[in-house]
Amino acid sequence: MQNTRPPEDTAAPAYPMTRACPYQMPVGYEELRERGPLTKVTLYDGRQVWLVTGNEVGRALFPDPRLSSDVLHPGFPFLAPRIAAQTQQRAAPPLVGVDDPQHGRQRRMVIPGFGIRRVAALRPEIERIAEGLVDEMLHRGSPAELLSQYALPLPSAVICALLGVPFEDRGYFDERSRHVLSSSGEGEAEQARKAFTEILAYLYDLIAKKEKEPGDGLIDELIAHQLAEGSVDHQELAMICSLLLVSGHETTSNMIALGTVTLLEHPDQLALLRADESLLPGAVEELMRFTSIGDVLMRVAAEDIEVAGHTIRAGDGVAMSTMLMNRDPRAWEDPDSFDVRRSAGRHVAFGYGIHQCIGQNLARAEMEIAFRTLFRRIPGLRVPVRSDELPLNAPYVLQGVAELPVEW
Amino acid sequence: MGVSVATDRCIGAALCAMTAPEVFTQDDDGVGQLLPGGSERAGDPSVKEAARACPVQAIILHG
């Protein structure tokens, strides 16, 4: 035996990689992209996993039922010890961490709350929230910190309105949600675990309160139908609501802040939007594609899968890089340039397959309204430092800036 | 040429209704459905694009 390792094992760089610029690929991605559409990387614990970089291969694998999202599967790979520790301490998170049929049952319960008519009806409320936050920012005056004064409170107020969480309680979640999904400081595992436990306990109590005094949010509908019919118990319902609440905060707030940075650093593209606001929905898709903030989605192979000339063996870990799939030159011309006029619709920034983001249409409406309101109301908005000088989130959580100082 | 929605597979992403709003909509449960007369427009390019966009291949083109 000259070499027991297959050739693709000879170079498996450490993963995930750190972005220097918050909206650009990490330096090592160029090489990974060339080695794709399927290559290998090494995780923090020394384990090698497959990395999917090609758009077509990714779009074939995401819906493949042989690829599991079950975080309790013994072979499930984790990007950081913090995430592994979080998962060991409790049951699988609903929706995102389970496979069908459990996933389908949970998803069916909540999709009515995120339907397009429901989202359309929320638009005036989203606009009011955005206008109110800008009013307050202008009142306090320049400089400001955009993440805490705009990008986070906007989706926070919106998801609370949708779920029926009392508006006055929402301050409680802003910080805790951030700890759950994006914390990257010292003692982060403990901080994230504690924050999630507190949110879960709050929702458990809120559900009990709402059983006595119903309101008019999605939680109230779930209590009136699913809970009353016995298709879900208190614990599972509280878990589902916690997941929706946290996800609704953190993802969109990162996109609003990072999208603002991206637009301000591409003044020609921002000028196009200012001149023609009908370009905005397409620009939101392009921002999603270009920044790919939920870059790495983890899976484990439940069975052998033959794909792109390789065999993914049962038990192998698979990392799906949405950023590399969204920057695949076979899917987009000049993929590393930011172009609000391109047709970016086939991106996988919301994922693909049964786990594709349930709040995607709510998020689209929030982003459109957030950018339109911000750039209309504060036309002189600027960031006083270069984007590669901004503090960034850790590479294994949602990508984005940890702070965003702005002036006008 | 015909088109149908495999409602048992639908996850409510609404990409069909966004891509081809003259053919698809969502019912009150957030599940994709054909609009009246929608199947007659099965040959429209937007319907093909909707079928491609659907994350769970729930838009079925026949014939």
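Refer to the preceding data block for the structure.
Residues numbered from 1 in each chain as written. Chains lettered and ligands numbered in written order. Predicted model: local features only at pLDDT ≥ 70, side-chain atom pairs only at ≥ 80, totals over all residues. Heavy atoms only, no water.

Caption draft 1: Region of the structure containing the side chain of A:Q226. All names here are of chain A. With respect to the helices and strands, Q226 occurs in helix 10 (residues 218-229). Residue Q226 is classed as buried on the basis of its relative accessible area of 18%. If we skip the residues at most four places from it in the chain, Q226 touches M109, E221, S231 and V232. (Helix = DSSP H or I, 4+ residues; strand = E, 2+ residues; numbered from the N terminus. Buried < 20%, exposed > 50% of the residue type's maximum accessible area, 1.4 Å probe, protein only. Contact = heavy atoms within 4.5 Å.)

Caption draft 2: Structural view of the nonpolar core. Residue and element names in this part refer to chain A. If you look at the biggest cluster of nonpolar residues, it comprises 94 residues, and the most contacted ones within it are Y150, L154 and V165. Considering each element in turn, this core owes the most residues, 16 residues, to helix 11 (residues 234-264). The residues touching V165, leaving out its near neighbours within four places in the chain, are C160, F173, Y202, L203, L206, I219 and L245. Judged by nonpolar contacts, the second largest core, of 26 residues, contains M17, M25, V41 and F78. (Core = buried A, V, L, I, M, F, W, Y, C linked by side-chain atoms within 4.5 Å.)

Caption draft 3: Structural detail: the packing of helix 7 (residues 153-163) of chain A against helix 11 of chain A. All names here are of chain A. Orientation of helix 7 relative to helix 11, taken along the N-to-C sense of each, is 150°, at an axis distance of 8 Å. Judged on the interaxial angle alone, helix 11 and helix 7 are roughly antiparallel. Every pair of crossing elements has a handedness; the one defined by helix 7 and helix 11 is right-handed. When helix 7 is examined against helix 11, the residues L154, P155, S156, I159, C160 and L163 are found in contact with a partner set consisting of C241, L244, L245, G248, H249, T252, S253 and I256. A breakdown of the residues in the contact of helix 7 with helix 11 according to their chemical character gives 9 nonpolar, 5 polar and no charged. (Axes fitted to C-alpha atoms, helices over the stretch in contact; angles between N-to-C directions. Parallel < 35°, antiparallel > 145°, perpendicular 65-115°, else oblique. Left-handed = near helix turned anticlockwise from the far one by under 90°. Nonpolar A, V, L, I, M, F, W, Y, C, P; charged D, E, K, R; others polar.)

Caption draft 4: Inspection of helix 4 (residues 102-110) of chain A at higher detail. Residues and elements named next belong to chain A. Every buried residue of helix 4 is listed here: H103, Q106, R107, M109 and V110. The buried residues of helix 4 occupy an angular sector of 155° when the element is viewed end-on, so they sit on one face. On the buried face of helix 4, the contacting elements are helix 10 and helix 11. (Arc of directions from axis to C-beta.)

Caption draft 5: Region of the structure containing the sheet that holds strand 3 (residues 67-68) of chain A. Residues and elements named next belong to chain A. In space, the 5 strands of this open sheet follow the order 1-2-8-5-3, with mixed pairing throughout. Strands at the two margins of the open sheet, each flanked by one partner only, are strand 1 (38-42) and strand 3. Examined bridge by bridge, strand 1 and strand 2 (residues 48-52) share 5 bridges and lie antiparallel to one another. From the neighbouring strand, T42 faces strand 2, where its bridge partner is Q48. (Pairing = 2+ DSSP bridges.)

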